[in-house]
Structures are given as structure tokens and as C-alpha cells.
Amino acid sequence: MTDMENKNINVSAPEDIEVGTAADVEAIMKKYDRESNTRIYSGVPKQIIRYSLAAFSIFMVVMNLFINWEERIRRPLFIALVLLLVFAVFPAKKGKPGKTNTIPWYDIILAIVGSGCFFYYVFNAEDIIKRATRITQLEVILGVIGILVLVEACRRVVGIPILCVAGAFIVYAFYAGKSLKTIIFNLFYTTTGVIGTPIEVCSTYIVLFILFGAFLEATGISEFFIKMANSIAGSSTGGPAKVAVISSALCGMVSGSSVANTVTTGSITIPLMKKTGYKGEFAGAVEAAASTGGQIMPPIMGAAAFIMAEMVNKPYSSIAVRAILPAILYFTGIFLMVHFEAKKLGLKGLSKDDLPKFGRLFLTQGFLLIPLVVLVYMIMSGKTMSRSAVLATAVAIVISFFNKEKKMTIGSFVTALENGARNTLSVAVACGIAGIIAGVVTMTGLGQVLITAIVSIAGGRVIIALFLTMIACILLGMGVPTTANYIIMATTCAPILIRGMNIEPLAAHMFVFYFGIVADITPPVALAAYAGSAIAKSNPMKTGVNASRLAIAAFIVPYIFALDPSMLFINTDLPDVLLICVTSFIGMVGLAGGLEGFIFRRMNMPIRLLIILGGLCLIIPGVVTDVVGVAIVGGIIALQIILNKKEKANAKPAL
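Small disclaimer: the values here were computed from a predicted structure and weren't measured.

### What about the overall build of the chain?
Part 1: The helix and strand inventory of the chain stands at 32 helices and 0 strands.
Part 2: The C-alpha radius of gyration of the chain comes to 25 Å, within 12% of the 26 Å expected for a compact globule of 655 residues.
Part 3: Overall, the chain is about 100 × 60 × 45 Å in size when its C-alpha atoms are taken along their principal axes.
Part 4: Within the span of the chain, comprising 655 residues, buried residues form 59% of the whole.
Part 5: Across the chain, every contact between residues at least 6 apart in sequence was considered, and the portion connecting residues at least 24 apart equals 79%.
Part 6: Element-wise, carbon and sulfur atoms account for 65% of the exposed surface of the chain, whose accessible area totals about 25700 Å².
Part 7: Taken as two groups, the 52 positive and 35 negative side-chain charges of the chain have centres that lie 3 Å from each other.

Next up, the structure:
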């Protein structure tokens, strides 16, 4: 996530509509979101930091494409460079960036010493590898210092919750009888700890895809998405809210950050929603829920999906395809609730005369989609993800020259490189700490202990194990980046679901992925909802509750595909897939209508509960549940239509 200056926020409210200013958003983000809390630089120091970040991005491209280093050289080198940049960019205290152009002496020492420990590994990797477990006392000390400095970097950029979890795992390693030397060797000097799979994926795929997202945003694609959403849905009932759903889904897919996307698109959509007549709590919630869902929207799906491909040993293209239906159901649910809310309140859309025409817009700016098309084609055709990301980035740079308003200059090119590096820092340190957790699980065999414990607590009942996993994901995800949350849960809880409860591996990993994401809108620490409330000038807690209600599909669909993976197109055929799609969409109509208390007319509580039940039956795959669901949802909708016709007939004046 970039700093507030780089987000280029323009919160311009329509007349008489109270919305938060850029300063309001910045204040609340610095209070709750550590990634937004950066040092202030100006003049020459600002340019030094700017070009250092840009150089880091260029180096990562070069290293991935042209330099064939051993993994135990490239991974610690990556962390060393990240630590140098983290202490240069992020201050020690939240909400206190310090004096302009100032880095405290202790931060300089931490940066040099911390990165120096990893640089030592880089320059002595061959010797350390030859000696295997026979590391020296000096190397133990360097390992301890390197891990502690990484912990401090994570505290600044990510927060304390993930550190509490990692600390508990390290305590367990000592409890399991492991010596300090054994722990440091496994966590610092092997590829199962800090420099394990999370850092491997972060230093290859993730950093390049984050860079691709930064360049894609530089082409003006976010503005194009918003204009396109306006041309499609702006004039319909409650149009601005539907525009928020569509544009945020598309922009969030590219940005990979629910908070950043809530701020950028919300600065435009939330004032329009309030002008239309939506309450602030609802407007902020719509933007937060839609922006959060962008991370589950194929083909990019945020950084965690790349790690999932490694974890389940499946092509990324396969994961993207199987994630389509759940993602569509998620946004269908939000879209329907927005529509029913507008109908219930009698809200109108925007004037067609003020909106862009879809055909003309697509003809003049549709070329901005070419980088995404190239990316998808490259991945689907079997090219490596690294090369696919770099080539798509190059295409985005070329495409920018055809957009007069966003034509890339040397300055904007450097800015994109800078933003890409800055957005990588939080993911990188979180991946490093997540590697500690994964390393302890591997070193101690803790995974089997957890499996035995959860199976015992659940009593062999899958639904209880899923519920406990959901709670763990949401609690851990409060303030923790999606990627780190997913890695921890994939290391600890996914194996429990797979080996202890016999859940299909991809379904288990998707389950923990989904619930790690919705933590961004689940109170009490709902960062995306806080961002939306800052713009909407609404109560943050009420905004979070509304966002959770709007994103109800994200709390239901994972249970369904965990229990029956046919929703992920696993172990099924085309007719079944089509049936699942149709019944699931009808089910979302019933579920959304019941939650809003309105489809064609208002519903009382018993009818709402009944149609919610019918909707759930339709979403759950199965002949019996489909028949019951169709009977309930279809019957209630038919009854509403009949009652509406009777009211209209009775309302006609007598002749």
C-alpha cells in the first residue's frame, strides 16, 4: 500500500454531502493501518528514498529474469534489502513519522546490523551450506540478531498480532526440547524458516505482480474501471452503489490491497452514494466489502494466490479458474443487496446524460485492458509467472503512451517503480515472520499435534473443525496482511482440515484464504471498513457490521465448497457445473432479499428467515436442497408478485 501522497486522493463531495477529506482518511489510516504510517521526506532526501525504492524494483526484475543464484543467496539478499528500506521508510511509533528528513540513530543501527546479518549469510552461503548443522557461535548470534531485527521491522509495518503468534510458536519449540542453536539453524540458515517458501514466492512472483499492479494503475486503468462501471450501472436503481461494487471488484483485483482500494475508489463512489440517498454507514460498507472482495477475483487474486499454487502444487491458472464461481457469488450477493436496499428506500440512479457511453468508452480506452489480457494468456499458455508478470508490465508501459492523460513519463515511470517497492515491503516482512511459524511446525512436528487436538475438540465433526478454523483466520487476520494470514493458516489449519477431516486440499486452502481476507471488514479491527468510514464520515463499527452483512457470501460459500468441492469445479462434470451456477445465483437472490427484507416488497421477519433458509438450500449443492430451495424462494417471490399486483389493482380509482 502506498503512502497517502502516492494514492492521489481527491475526496471532493457533492454539495451538502458531508464526507471525509484526504486529511481525515490519512489520519485514520495512520492510526489503524501501519502501512500508511511512513516518514516524511522532502528535497534531496526524498529523491534518495524514491530512487532507492525504484532501484530495488529494477534489481528484483533483473534478479528474477537474468541472474541464476542459489536460493540461499537470493532469499537472504532479498530480506537484507527489504530491511534497509523498511527502517528508512517506517518510523518506530505508529502515528508519529518524526521530523522531516530525519532518521533516528537507532534506526540507522538497526538497518545496518539487521541487514548485515543477512548479508553475512549471502557472502558465506557456500561455506555455511557445506558445514550443514555445524554453525559457529558467531553465526548463532547473527541469526538471533537477524530474526529480532526482522521482528521489529514487522512490528512497524504489519503489527503485533502476527508477532504474538510467531512468539508462541518459538516458545513451543523450546518446550519441545529444541536448543537455541537448533532453533536458529532451522529458522535462519535453512529454507524451511525465515527464507522458506513464503520468502521464495515473495521474492519471485509476488514482487513482480505487485510491480505489474503499480504500472497498470499508472496507465489510468482504475479511472477506466470506474467510468466503465458508471456506463454499465450508473443510471440504474441506486446506481452509484452498483458502480462501487463493479469498479472496486476490478480495481481491487489489480491493487491487491483492500484498504488502498477502499481509499482510492471510495473517494469517488462514497460521496455519490451519499448524494443518492444511502446512509454513510451503508455507503462506506459497500465500498469496503467490494474492495476486500477484489482479492478473491481472478485472474490476479492478490499475492496469496501465488503462494497457494506452491502450497497445493497446482498451476496458478487452475486456481484462478476454480475461484471464479465463489468470487462471482460474493459480488452477486453485494450487488443484489445494494439493489434491494435502493428499491426499499426508493433511490434512483444518476442521469444518463452525465454518464459515459459504454461503446464509445470501450472503443477509446478499452486498450487499457490489453496488459491484463496478455497476463492471462501468458499464464494460461504455460509461461512462468515471473516472465508473464514482467512481459505484462512491459505491455502496460507501452499501452500508457496511447493514453494522452496518463502517458508515462520518466517521472511516472520512477513513481510506479517506487510504489511497487513500497507495496512489497509489508508483504515481505510478513512473509519472513510467517516463515518462522512454518519453520517451527516443520522442526517440531507441531502440525500433527494440532491435527490431533482439533480432531479431538471437534469430535470428528467437520463443521465444528471448519468453524474453529474460521474463527482462527478472522482473529489472526485482524490487522495482519492477507498473505501472511494465509501462510500461517495454510501451515497450521489447512493440514488439519486435509488430513484430520479429509477435506479436498484446494478447498481447504481456499477456505482459510477466504476467511483471512474477510478479516479486513470484520469488526472490531476492520481496516477496510475504517477507511470507508473515514470518507463517509460514519461510525466505523456500524460500517464494519454493514460490510460484514454485505459480504455474507464470503462467510457461507467457503463452508459449502469445503463440504462439497463441486463448487470449485472439482470432481464434477459440465451439467453439474451449470446446475450449481444456476441454483447458486437463485440462492443468492433469496439470501440477499432476506437480509435486506425486500425483493419486490417489504417482508416481515418470519418470511425473511424462511427465504434466507431457502437461499442457503439452493447454494448448497444437492438435489434435495435444490428442490426445497426452489420451492421456498420461488414461492415467496411469486407471492410477492401477486400481492404487488393486487395492491396496484386496488389502488386504481373506481370508474
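### Quick look at helix α24 (residues 482-492)
Part 1: Burial analysis of α24 places 11 of its 11 residues in the buried class, which makes it a mostly covered element.
Part 2: If you check which residues of α24 are buried, you get T482, T483, A484, N485, Y486, I487, I488, M489, A490, T491 and T492.

### Details of the nonpolar core
Part 1: Core analysis: the largest hydrophobic core is formed by 214 residues, its most contacted members being M510 and F511.
Part 2: Counting 5 residues, the second-largest nonpolar core is a separate cluster that includes V259, V263, L527 and Y530.

### A few points about helix α29 (residues 552-563)
Part 1: Between its first and last C-alpha atoms α29 spans 18 Å; for 12 residues at 1.5 Å apiece the expected length is 16 Å, and the two agree.
Part 2: Across the 12 residues of α29, 11 count as buried, placing the element largely inside the fold.
Part 3: Among the residues making up α29, those that are buried are I552, A553, A554, F555, I556, V557, P558, Y559, I560, F561 and A562.

### A look at a nonpolar patch on the surface
Part 1: Taken together, the side chains of I103, W105, Y106, I108, I109, I112 and V113 define a hydrophobic patch exposed on the protein surface, amounting to about 670 Å² of accessible area.
Part 2: If you trace the backbone, W105 turns up in helix α5 (residues 105-123).

### Looking at the environment of T384
Part 1: Following the sequence through the fold, T384 ends up in the loop between α19 (370-380) and α20 (385-400).
Part 2: A relative accessible area of 45% means that T384 is categorised as partly exposed.
Part 3: Considering only alpha carbons, one finds T384 and E596, 212 residues apart in sequence, at a separation of 45 Å.
Part 4: For T384, the side chain forms a polar contact with the main-chain nitrogen of R387, separated by 3.3 Å.

### Focus: the packing of aromatic side chains
Part 1: One pass over the structure, following the stated rule, counts 21 aromatic pairs.
Part 2: Taken together, the aromatic side chains of F118, Y121, F188 and Y189 make up a single cluster linked through ring pairs.
Part 3: The cationic tip of R50 hangs over the ring face of Y51; the distance from NZ or CZ to the ring centre is 5.8 Å.

### Quick look at unusual backbone geometry
Part 1: Non-glycine residue K537 carries a positive phi angle of around 55°.
Part 2: Take K537: it is sitting in the loop between α27 (527-536) and α28 (540-550).
Part 3: We classify K537 as partly exposed; its relative accessible area is 42%.
Part 4: Non-glycine residue F569 carries a positive phi angle of around 60°.
Part 5: Note on placement: F569 falls in the loop between α29 and α30 (574-596).

### Focus: the side chain of E341
Part 1: Considering the arrangement of structural elements, one finds E341 in helix α17 (residues 324-345).
Part 2: Each residue touching E341, except ones within four places of it in the same chain, is listed here: Y278, F282 and E596.

### Re the environment of G293
Part 1: Residue placement: G293 occurs in helix α14 (residues 280-293).
Part 2: G293 sits 48 residues away from V245 along the chain, and the two C-alpha atoms are 9.4 Å apart.
Part 3: Contact partners of G293, with chain neighbours within four places excluded, come to Y330 and F331.

### Concerning the packing of α5 against helix α7 (residues 137-157)
Part 1: At a closest axis distance of 9 Å, the pairing of α5 and α7 adopts a crossing angle of 130°. Here α7 runs oblique to α5, going by the angle between their axes. α7 is crossed by α5, and the crossing has left-handed handedness. Here α5 contributes Y106, D107, L110, V113, G114, C117, F118 and Y120 to the contact with α7, which in turn contributes E139, L142, I145, G146, V149, E152 and R156.
Part 2: By residue class, the composition of the contact of α5 with α7 is 9 nonpolar, 2 polar and 4 charged.

### Some words on the pattern of salt bridges
Part 1: Summed over the entire model, instances satisfying the criterion amount to 18 salt bridges.
Part 2: R50 serves as the salt-bridge partner of E418, at 3.1 Å between the closest nitrogen and oxygen. Remark: R50 occurs in helix α3 (residues 43-66) and E418 occurs in helix α21 (residues 410-444); sequence separation between them is 368 residues.
Part 3: Looking at E418, the relative accessible area reads 7%, which means it is buried.

### Quick word on the state of the cysteines
Among covalent bonds in proteins, the disulfide is the one between the sulfur atoms of two cysteines.
Part 1: Here the structure, examined in full by the defined rule, presents 0 disulfides.
Part 2: Not engaged in a disulfide, the cysteine C202 finds its nearest cysteine sulfur in C431; these two sulfurs lie 4.4 Å apart.

### Things to note about the side chain of T269
Part 1: With respect to the secondary-structure elements, T269 resides in helix α13 (residues 258-276).
Part 2: If we skip the residues at most four places from it in the chain, T269 touches A244, S247 and E287.

### Section: the confidence of the model for the chain
Part 1: Across the chain, the average pLDDT comes to 85, with 91% of residues at or above 70.
Part 2: Predicted confidence for residues 1-15 stays below pLDDT 50, and this span has 47 contacts to residues more than four positions away or in other chains.

### Topic: the packing of helix α23 (residues 462-477) against α29
Part 1: It is at 11 Å that the axes of α23 and α29 come closest, and there the two elements cross at 135°. With respect to each other, α23 and α29 are oriented oblique. The interaxial crossing formed by α23 with α29 has right-handed handedness. Contacts from V462, I463, L466, F467, M470 and I474 in α23 reach F555, Y559, A562 and L563 in α29.
Part 2: Along the lines of polarity and charge, the residues of the contact of α23 with α29 split into 10 nonpolar, no polar and no charged.

About the thresholds
Numbers given to residues run from 1 along each chain, matching the order in which its sequence is written. Only residues with pLDDT of at least 70 get local features here, since the model is predicted, and only at 80 or more are side-chain atom pairs given and counted; chain-wide, interface and lining totals rely on the full set of residues. Excluding hydrogens and water, the side-chain values take into account all heavy atoms of the structure. In this description a helix means any DSSP run of H or I spanning at least four residues, a strand means any run of E spanning at least two, and both kinds are numbered starting from the N terminus. With C-alpha atoms as the basis for the radius of gyration, the globule rule is written as 2.2 Å multiplied by the number of residues raised to the power 0.38. Each residue is assigned to one of three classes by its accessible area relative to the maximum for its type, calculated with a 1.4 Å probe on protein chains only: buried under 20%, partly exposed between the two thresholds, exposed over 50%. For this analysis, residues touch if any pair of their heavy atoms sits within 4.5 Å. Using the Shrake-Rupley algorithm and a 1.4 Å probe, accessible areas are obtained, with residue cover drawn only from the displayed protein chains. Under the counting rule used here, the positive set is Lys and Arg, the negative set is Asp and Glu, and His together with the chain ends is not counted. By convention, charge coordinates are those of NZ in Lys, CZ in Arg, CG in Asp, or CD in Glu. Only buried Ala, Val, Leu, Ile, Met, Phe, Trp, Tyr and Cys residues count toward a nonpolar core, and they belong to the same one when joined by side-chain atoms within 4.5 Å. A helix is expected to reach a length of 1.5 Å times the quantity of its residues less one. To count toward a patch, a residue needs a relative accessible area over 30% and no salt bridge; like charges are then connected within 9 Å, while nonpolar side chains (Val, Leu, Ile, Met, Phe, Trp, Tyr) are connected within 5 Å. Salt bridges are identified by distance alone: a Lys or Arg side-chain nitrogen within 4 Å of an Asp or Glu carboxyl oxygen. In protein, a polar contact means a hydrogen-donor-capable atom and an acceptor-capable atom, both N or O and within 3.5 Å, with residues adjacent in sequence counting only if both atoms are side-chain atoms; elsewhere, any N or O pair within 3.5 Å suffices. Within 6.5 Å between ring centres, the rings of Phe, Tyr and Trp (the latter by its six-membered ring) count as paired, and their orientation is classed by plane angle as stacked under 30 degrees, edge-to-face over 60, tilted in between. In this analysis the charged atom, NZ for Lys or CZ for Arg, is taken to sit over a ring once it is within 6 Å of the ring centre and within 35 degrees of the ring normal. Fitted lines through C-alpha atoms serve as axes, helices being fitted only where they are in contact, and the angles separating the N-to-C directions of these axes extend from 0 to 180 degrees. An angle below 35 degrees is treated as roughly parallel, one above 145 as roughly antiparallel, one from 65 to 115 as roughly perpendicular, and anything else as oblique. Take the far helix as the reference: if the near one is turned anticlockwise from it by less than a right angle, the crossing is left-handed, and if turned clockwise, right-handed. Polar here means any residue outside two lists: the nonpolar Ala, Val, Leu, Ile, Met, Phe, Trp, Tyr, Cys and Pro, and the charged Asp, Glu, Lys and Arg; Gly therefore counts as polar. A pair of sulfur atoms, both from cysteines and within 2.5 Å, is called a disulfide here. On a scale of 0 to 100, pLDDT captures the predictor's confidence in every residue.

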